[in-house]
Number of protein chains: 2
Amino acid sequence: VTLDLVLIGFGNVARRFVRLLAELGPRLTYDHDIQTRVVGIATRRLGCVFDANGLDAVGRADFVESGSPLGPAARSTIGFLRASLERMSASARGGRLVVVETTTLDIVGGRPAVDHVRAALAGGAHVVTANKGPAAFAYRGLAAAASRANRLFLFESAVMDGVPIFNLQRAALPAATITGFEGVVNSTTNYILTAVEQGETFEGALAAMQRAGIAEADASLDLDGWDAAAKTAALANVLFDAGLTPHEIEREPVTAAAGPRILAARAVGRRLKLVASAERTGGAVRGRVRLAELPEANLLAQLEGQQNALVLHTDVLGDIAIVQRGSGLTQTAYGLVSDLVTIGREVRRSRTRAIPRPRPQARRGRTQATRDRR
Amino acid sequence: VTLDLVLIGFGNVARRFVRLLAELGPRLTYDHDIQTRVVGIATRRLGCVFDANGLDAVGRADFVESGSPLGPAARSTIGFLRASLERMSASARGGRLVVVETTTLDIVGGRPAVDHVRAALAGGAHVVTANKGPAAFAYRGLAAAASRANRLFLFESAVMDGVPIFNLQRAALPAATITGFEGVVNSTTNYILTAVEQGETFEGALAAMQRAGIAEADASLDLDGWDAAAKTAALANVLFDAGLTPHEIEREPVTAAAGPRILAARAVGRRLKLVASAERTGGAVRGRVRLAELPEANLLAQLEGQQNALVLHTDVLGDIAIVQRGSGLTQTAYGLVSDLVTIGREVRRSRTRAIPRPRPQARRGRTQATRDRR
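Residues numbered from 1 in each chain as written. Chains lettered and ligands numbered in written order. Predicted model: local features only at pLDDT ≥ 70, side-chain atom pairs only at ≥ 80, totals over all residues. Heavy atoms only, no water.

Q: Give me the lowdown on the interface of chain B and chain A, citing residues and values where you can.
A: Across the contact, 44 residues belong to chain B and 44 residues belong to chain A. Buried area between chain B and chain A, both sides added, is near 3,900 Å², and the carbon and sulfur share of it is 59%. Of the charged contacts, one joins D315 of chain A and R27 of chain B as a salt bridge, the two residues approaching to 2.6 Å between their closest N and O atoms. At the junction of chain B with chain A, the criterion picks out 17 residue pairs in polar contact (both at pLDDT 80 or more). The set of elements that each furnish at least two residues to the side of chain B that touches chain A consists of α1 (12-32), α7 (166-172), β12 (319-324) and α13 (329-351) of chain B. With 7 residues, α13 of chain B is the single largest residue contributor to the side of chain B that touches chain A. Its residues placed into classes, the side of chain B that touches chain A shows 24 nonpolar, 12 polar and 8 charged. (Contact = heavy atoms within 4.5 Å. Buried area = accessible area lost by both parts, 1.4 Å probe. Salt bridge = Lys/Arg side-chain N within 4 Å of Asp/Glu carboxyl O. Polar contact = N/O pair within 3.5 Å; in protein donor to acceptor, adjacent residues only side chain to side chain. Helix = DSSP H or I, 4+ residues; strand = E, 2+ residues; numbered from the N terminus. Nonpolar A, V, L, I, M, F, W, Y, C, P; charged D, E, K, R; others polar.)

Below, the structure written as structure tokens:
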């Protein structure tokens, strides 16, 4: 299977992704029969580039990092995306077109990422995104659109980088009901909280994260709890169909005022953590992001630096936890790759299907033969 | 899909399994389109029973627990299994027959569980087992036999009960290479180690586990490290094709002599744990089960009582850990159910396949129509 990729966003994550694709290429080919070809790249500030025959994406990453623009600016990323979908319509009909969405989270309404996903599905592409916005703001609608289009909408890297959470539930926890969860899912604040425990100042720890490129220059999404709230909404929406947005998650910010609390907790053998949680009680779901003083024996209390963890409460399995020890761009990029593998599997399966699907209205340019090959 | 089940072994795990199947029945039907019917049950000491039209398995579980035998003794469980496969050959040809193997671990050579698995696959059945023996002693051969027969050989519950480990790797960690692991995977010894830390005697803690039905009357498989060694071999065989048997795993037993070590470690803020590990270095795999003094901050050091955990070392994702907070019969039985769901999915998929498979030699009694329906 050759998957054609249109990249919307070409920041750190997307550039690490194209390099990881090159590194893992032989493994993807031999173990999973997947080849990939980047046909389009759209950015907001560095222009756009499209070539239906495939681009040298790694070369373009080097190019961008040397400070050059990709190409002429498009009027909008959504306009570029729609044009690309049109030009790749044969690939889209064959289920081989994938839009890889890596724009940054917009906390007002998840735009334009939600629009990118919707347009991609409408154009017959699968969607893989590292952005929390679409699942956090519009999961139900987008999942329904994907189902109608018979395409996949995947976002493993939106929470805990490439550590399988959504894949875990979908593929490995059948017939178990998840009733709630709690976790530490924001690396920036956890790094700051543990650094302050060790005697650093709040501001010093934040600056170190920013120098390392882990926290944004504007770290307010992390510090105000919005990043964790978006992840909480995405998890609750997917794991138990909560239908929440980040704005409905209770939220406590992490400020320099937490310093004395951190040290006071430490003095009595407890640790202050930013805990994201949600639980289903009766018909209602309550989601929260709060600073909690946890006893040292708590698994979440033991997370140092950028480590993340999620504890899932289930009915038949009891509690299970998944812990991420290392976090970074490679892990996030891997999450995108693992979603591509899921898509590759699905394409292979659908090619070997006998039962005819309900035929959509005939579209121009499709012969009986191409229709049957779907 | 209706799956026909032949149960080999009808001890605590199998009896909890048939009750859990009944409890989860609606969920399996509505969410996964799976119905199940137990057609045969074989035990070594309580006789056997077979009915191609389906048995009241929960009633039989009650019956056995009241001290009654199931039926006449078979000459051997393998003989009963072969006869059942013969009688259910139409179901087997349709890919709807599943042998659920829950006999106990034999540490000499994994018998007769390995034979049960081999016979089941040869008879066209899928196999689900909670027994570590087959994957620990004969994974390569059995996986190859399953592949040739186009049937599944699954054993999620063999390690950490129903917590997804093998499913996690297969379905959710594509294109990542696991280079090693370390874990606490034996509940009996971990319970004893933590109880001794809290002032209990070694013998008292063991007796408590036996009273609770968690440790066997003969707990030597646990205490001598054989259970952990079998799990280590199974994990290494599946996660990185090690081709080991439990006899090739270095093994340290847990004896009353560990008591002073436990307390001495505790006094300096460390905890003694029975750690199972394996790593791939170059072409060689080294597997070990040893008592290790771990610093308190180590995730494995923090496991209390019957908690288990496994840390996987991967190339692209770094270290990830999966932690089981609650363990017991229901969790083990759930592992069997989750494997059934995997089989149900596969049956549905293969029913909708277009590409004709290579035709085996025609078998008696099969019409063109049934062949096409495969």
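Q: Explain the packing of α1 of chain B against helix α2 (residues 57-65) of chain B residue by residue, including any values.
A: All names here are of chain B. With their axes 9 Å apart at the nearest point, α1 and α2 run at an angle of 145 degrees to one another. In this structure, α1 meets α2 at a crossing whose hand is left-handed. Contact residues: R15, V18, R19 and A22 in α1; A57, V58, A61, D62, V64 and E65 in α2. (Axes fitted to C-alpha atoms, helices over the stretch in contact; angles between N-to-C directions. Left-handed = near helix turned anticlockwise from the far one by under 90°.)

Q: Tell me about the pairing of strand β5 (residues 126-129) of chain B, and name the residues and values.
A: Looking along a regular strand, one sees the side chains alternate between the two faces of the sheet. All names here are of chain B. Alternating residues of β5 divide into H126 and V128 and V127 and T129, and every residue in both groups is buried. Two strands pair when backbone bridges link them, and strand β4 (residues 97-101) and β5 are joined in this way by 4 bridges, in the parallel orientation. Bridging from a neighbouring strand, E101 pairs with T129 of β5. Taken together, β4, helix α5 (residues 113-122) and β5 constitute a β-α-β crossover, and its handedness is right-handed. As paired elements, β5 and strand β6 (residues 153-154) share 2 bridges and run parallel to each other. Bridged to V127 within β6 is F153. Taken together, β5, helix α6 (residues 133-149) and β6 constitute a β-α-β crossover, and its handedness is right-handed. (Buried < 20%, exposed > 50% of the residue type's maximum accessible area, 1.4 Å probe, protein only. Pairing = 2+ DSSP bridges. Right-handed = clockwise from strand over helix to strand, strands pointing away.)

Q: Tell me what's going on with the packing of aromatic side chains, and back it up with residues and numbers.
A: Residues and elements named next belong to chain B. Summed over all chains, the structure comprises 10 aromatic pairs over all chains. Geometrically, the ring pair formed by Y139 and F155 is edge-to-face, given 6.0 Å between the ring centres and 85 degrees between the ring planes. Within this pair, whereas Y139 is found in helix α6, its partner F155 is found in the loop between β6 and α7, the two being separated by 16 residues in sequence. With a centroid separation of 4.9 Å and an interplanar angle of 55 degrees, the aromatic rings of F153 and F155 are classed as tilted. (Phe/Tyr/Trp six-rings, centres within 6.5 Å; stacked < 30°, edge-to-face > 60°.)

Q: Summarise the pattern of salt bridges; cite the residues concerned and give the values.
A: All names here are of chain A. Tallied over the full model, the rule gives 41 salt bridges over all chains. Of the charged contacts in the structure, one is a salt bridge between E65 and R15, with a shortest N-O distance of 2.6 Å. Of this pair, E65 sits in helix α2 (residues 57-65) while R15 sits in helix α1 (residues 12-32), placing them 50 residues apart in sequence. With relative accessibility at 44%, the residue E65 sits in the partly exposed group.

Q: Can you lay out the nonpolar core for me, pointing to particular residues and giving the numbers?
A: Core analysis: the biggest nonpolar cluster contains 241 residues, and L5 and F17 of chain A together with L5 and F17 of chain B have the highest contact counts within it. Setting aside anything within four residues of it in sequence, one finds L5 of chain B in contact with F17, L21, T36, R37, V38, V39, G40, V98, V100 and L340 of chain B. Counting 24 residues, the second-largest nonpolar core is a separate cluster that includes A292, L294, L299 and V323 of chain B. (Core = buried A, V, L, I, M, F, W, Y, C linked by side-chain atoms within 4.5 Å.)

Q: Tell me about the sheet that holds strand β10 (residues 284-295) of chain A, residues and numbers included.
A: Pairing in this open sheet of 12 strands is mixed, and the strands run β8(A)-β10(A)-β9(A)-β7(A)-β11(A)-β12(A)-β12(B)-β11(B)-β7(B)-β9(B)-β10(B)-β8(B) from one edge to the other. Edge positions in the sheet fall to β8 (250-251) of chain A together with β8 (250-251) of chain B, since each of these pairs with one other strand and no more. Relative to β10 of chain A, β8 of chain A runs parallel, the two sharing 2 bridges. Its bridge partner being in β10 of chain A, R251 of chain A is matched across the sheet by V289 of chain A. Strands β9 (270-281) and β10 (284-295) of chain B of the sheet are contacted by helix α12 (residues 258-267) of chain B, whose axis makes an angle of about 100 degrees with β9 of chain B.

Q: So, the relation of the copies chain B and chain A: which residues are in play, and what are the values?
A: Least-squares fitting of chain B to chain A yields an RMSD of 0.0 Å, with the transformation described by 0.0 Å of translation along the axis and a rotation of 180 degrees. On the angle and the small slide along the axis, the relation comes out as a two-fold axis. By residue overlap, the copies meet face to face through one surface: 100% of the interface positions of chain B are interface positions in chain A. (Least-squares fit on C-alpha atoms with pLDDT ≥ 70 in both.)

Q: Could you give an account of helix α6 (residues 133-149) of chain A, naming the residues involved and the relevant values?
A: Two residues of an α-helix separated by three or four positions point the same way, owing to the 3.6 residues in each turn. All names here are of chain A. In a regular helix each residue adds 1.5 Å, so 17 residues correspond to 24 Å; α6 covers only 21 Å between its end C-alpha atoms and thus falls short of that length. Among the residues of α6, those classed as buried are G133, P134, A135, A136, F137, A138, Y139, L142, A145 and A146. Contacts from the buried residues of α6 go to α5 (113-122), β5 (126-129), β6 (153-154) and α11 (226-240). Positive phi shows up at N150, right after α6, with a value of about 60 degrees. (Expected span 1.5 Å × (residues − 1).)

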